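Inside the fold
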Amino acid sequence: MAHRSDNSEYHRPRNLIRRVADLYIDGFRSMTLGRSLWAIILIKLAILFLVFRLFFFPDLLSRDYPTDEDRAAAVRGQLIERGSQPDRQPTDNQHSTP
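Read on for a plain summary of the structure. (Residues numbered from 1 in each chain as written. Predicted model: local features only at pLDDT ≥ 70, side-chain atom pairs only at ≥ 80, totals over all residues. Heavy atoms only, no water.)

A few words on the overall build of the protein. Across its full length, the protein carries four helices and zero strands. Counting all 98 residues of the protein, 4% fall into the buried class. Put simply, the protein shows about 9900 Å² of open surface, and 61% of that area lies on carbon and sulfur atoms. (Helix = DSSP H or I, 4+ residues; strand = E, 2+ residues; numbered from the N terminus. Buried < 20%, exposed > 50% of the residue type's maximum accessible area, 1.4 Å probe, protein only. Areas by Shrake-Rupley, 256 points an atom, 1.4 Å probe, with all protein chains shown as cover.)

As structure tokens, this is what we get:
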């Protein structure tokens, strides 16, 4: 068995982060079908986060209040108002008894 004293890489331990990064880099390089699957996943994520945000989650605060101070006051007021309301007692139709 040959002694590997000529290569200094065997004498120093490689850190865990570098080994994990090398594992993923080598894995992505050797992918064939996986690349197209990752592309589909990224396109779906872009649709979810960009398109859905535009259509389903409009920025109501910037629409209703012109400045940051007005927006902050509106949020503060809603938090205080909701926090000061007593807990609602459940009505009879909200309980299901066996």
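Here the narrative resumes.
With that settled, the discussion passes to the pattern of salt bridges. For the coordinates displayed, the defined rule picks out four salt bridges. The partner of R29 in a salt bridge is D26, with the nearest N and O atoms 3.5 Å apart. Pair noted here: R29 and D26 are both in helix α1 (residues 16-29), with a separation of three residues, about one helical turn. The closest approach of N and O atoms between D64 and R63, which form a salt bridge, is 3.0 Å. For D64, a relative accessible area of 43% puts it in the partly exposed group. Relative accessible area serves as the criterion here: at 60%, R63 is assigned to the exposed category. (Salt bridge = Lys/Arg side-chain N within 4 Å of Asp/Glu carboxyl O.)

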